[in-house]
Amino acid sequence: MKTYLWQEEGDAIDRSISEFTAGEDVILDRQLFVFDIRATAAHVRGLQRIGIVSEDECTTLCGWLERLESEFEAGDFVLDERFEDGHSAIEIYLTEKAGPAGARVHTGRSRNDQVSVATRLYLKDRLAQLAALCGRIAEACLGRAEAEPDLPMPGYTHLQRAVPSSSGLWMAAFAEAFTDNLSLATAMASVIDCSPLGTAAGYGVNLPLDREGVAADLGFARLQVNPMYAQNSRGKFELMALQAAWHSMQDVRRLAWDLSLFTTSEFGFVRLPREYITGSSIMPNKFNPDVVELLRGRAATPEAAITEIQSILSLPSGYQRDLQLTKAPLIRGMESSLQALSIVPALIEGMEFQADRMRSAISPDMFATDIALEQTAAGVPFREAYLEAKRKLDEMDAPDVEASLAQRVSPGGCADLGLKLIRQRLAQAKSRQGDI
Ligand code: ARG
């Protein structure tokens, strides 16, 4: 039977109702539990500074909280349906272990700011992981671009052969994308980096809580000042984190799409590392890029989470229990994205370019734009040169592709990939990462 903090002697608790209100939620709280415990310790230290909890009580409570964290990590304390939520579990544990001192722990806070602070710490942690993964993916792409800057490869628009391009240009595109994604994760984290603890139910309390001290203790950059906004930003901050994750997953989706095309027999530009390929149960001849396809499909998870949370956030000001329903999509969206992103660096490092196949897919007509542009350097108006090149499309000989790539000197183009610039930007983005 569940234990409720607010339950009075004789209160009847209906099992199906409690299953409905708290069933999955307490299990999801396992992801937030460690953060909830740490925030509780900071709150206790804050209460001690304003004389609500004695020094001895503070030491005892913080000692038990540390113990609870290690018991939980070791699997000796199980957070499950016995509790309404993780918050109740902490208070029940402390009261059981420390008696009256434990009964003081909830002074000046509500589960509303408690869940908010634990979620905030979770978001900061996961955004730091997201930023680190983006950095690793950008590094991997940049490393490939630096190692093989100029293997000729067709450039496509509308999935039709367009102009000659290179392996370096393809990889540098993702290096720059993930540099931006790293910056986005850091930027979102800096908005989220404010402490809601001590705002209680959403209206403050009649105690001089040391909110600043507690925020600093927990490593927050600043206070979230307004108590009502602390509640109104629940869901909003979750969306910011998911959006940062989604942008990374969207770039993974594009990379996975490219790879699923480039690994077909028709293209044959890339071979995947062996661990990223599976076989077929019926067709002995098959090698399937399942991992790449699942990476592509995984972008749906943060996207669906964003939609679900947006649908929940049609609410008036203040805490509403609907907000609890933001927890499942948040956790699913973040964990799924981080897991997917974590297998991308080795994929990029381990894939092999099939230089001959890439080169032989560059047909003579793909040099038409070059030929037209060469004429413009000699003073011919572009439109005239374009029409002339178009007329000669069928008689075109394939020029030397390396020479053609070497002439693509526009900044960012094949002859001037700007890898140093991207590396510099990546270093800058990484240096801001430490601020999370
Ligand atoms: N499980 C709840 C949530 O996630 C905790 C806060 C409960 N607050 C309340 N007033 N019932 O929102």
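Please refer to the structure higher up on the page.
All chains use their own residue numbering, which begins from 1 and follows the written sequence. For this predicted model, a pLDDT threshold of at least 70 governs which residues receive local features, and a threshold of 80 or more governs which side-chain atom pairs are given and counted, while totals over whole chains, interfaces and linings are taken from all residues. Working from all heavy atoms in the structure, the side-chain values ignore hydrogens and water.

1. With respect to unusual backbone geometry
Within the chain, Leu 159 stands out as a residue other than glycine whose phi angle is a positive 60°. Strands are runs of DSSP state E lasting at least two residues, helices are runs of H or I lasting at least four, and both sets are numbered from the N terminus onward. Inspection of the secondary structure puts Leu 159 in the loop between β1 (152–157) and β2 (160–166). Even without being glycine, Ala 200 reaches a positive phi, approximately 55°. Looking at the secondary structure, you find Ala 200 in the loop between β3 (194–195) and α8 (211–217).

2. What about the packing of aromatic side chains?
Two aromatic rings, drawn from Phe, Tyr or Trp (for Trp, its six-membered ring), form a pair once their centres lie within 6.5 Å of each other, and the interplanar angle then sorts them: stacked below 30 degrees, edge-to-face above 60, tilted otherwise. Throughout the structure, instances matching the rule amount to 15 aromatic pairs. With 4.8 Å between their ring centres and 70° between their planes, Phe 33 and Phe 72 make a pair best called edge-to-face. Of this pair, Phe 33 sits in helix α2 (residues 33–49) while Phe 72 sits in helix α3 (residues 55–74); the two residues are 39 residues apart in sequence, bridging distant segments of the chain. An identical accessibility class is assigned to Phe 33 and Phe 72; each is buried. Ring geometry for Trp 170 and Phe 353: centres 6.0 Å apart, planes at 75°, overall edge-to-face. Separated by 183 residues along the polypeptide, Trp 170 in helix α7 (residues 167–192) and Phe 353 in strand β8 (residues 352–353) bring together distant segments of the chain. One exposure class covers both Trp 170 and Phe 353, and it is buried. Members of the aromatic cluster, connected to one another through ring pairs, are Tyr 156, Trp 170, Phe 174, Phe 262, Phe 267, Phe 269 and Phe 353. Lysine NZ or arginine CZ positioned within 6 Å of the ring centre and within 35 degrees of the ring normal marks a charge as sitting over the ring. For the cation-ring pair, Arg 383 lies above Tyr 386, with the distance from its terminal atom to the ring centre recorded as 4.7 Å. Relative accessible area decides the class of each residue, using a 1.4 Å probe on protein chains only: under 20% of the type maximum gives buried, over 50% gives exposed, and in between gives partly exposed.

3. Looking at the site of the ligand
Residue proximity to a molecule or strand is established when one non-hydrogen atom of the residue lies within 4 Å of it. Taken together, Asp 25, His 87, Arg 111, Asn 112, Val 115, Arg 234, Tyr 319, Arg 321, Gln 324 and Lys 327 make up the full set of residues adjacent to the ligand. Any N or O atom pair separated by 3.5 Å or less is treated as a polar contact, with the protein-specific requirement of one donor-capable and one acceptor-capable atom, and with residues adjacent in sequence counted only for side-chain atom pairs. One of the side-chain N or O atoms of Asp 25 is found 2.9 Å from a nitrogen atom in the ligand. Interatomic distance of 3.0 Å between a side-chain N/O atom of Asn 112 and a nitrogen atom of the ligand. Coverage of the ligand by the protein amounts to 86% of the 340 Å² it exposes when considered alone. Residues are grouped as follows: Ala, Val, Leu, Ile, Met, Phe, Trp, Tyr, Cys and Pro are nonpolar; Asp, Glu, Lys and Arg are charged; all remaining types, including Gly, are polar. Taken together, the residues of the shell around the ligand break down into two nonpolar, three polar and five charged. Accessible areas in this description were obtained via Shrake-Rupley with a 1.4 Å probe; residue shielding takes into account the shown protein chains only.

4. Notes on the environment of Asp 11
Within the fold, Asp 11 resides in the segment before α1 (15–28). Overall, the relative accessible area of 35% leaves Asp 11 in the partly exposed class. Along the primary structure Asp 11 and Thr 301 are separated by 290 residues, whereas in three dimensions their C-alpha atoms are 40 Å apart.

5. As for the pattern of salt bridges
Any Lys or Arg side-chain nitrogen located within 4 Å of an Asp or Glu carboxyl oxygen qualifies as a salt bridge. What the rule picks out here adds up to 24 salt bridges. Among the salt bridges present, the one from Arg 144 reaches Glu 148, with a minimum N-O distance of 2.9 Å. By relative accessible area, Arg 144 is classed as buried at 10%. Residue classification places Glu 148 among the partly exposed positions, given a relative accessible area of 22%. Three or more residues joined by partner-sharing salt bridges are found here, namely Glu 139, Glu 146, Arg 423 and Lys 430.

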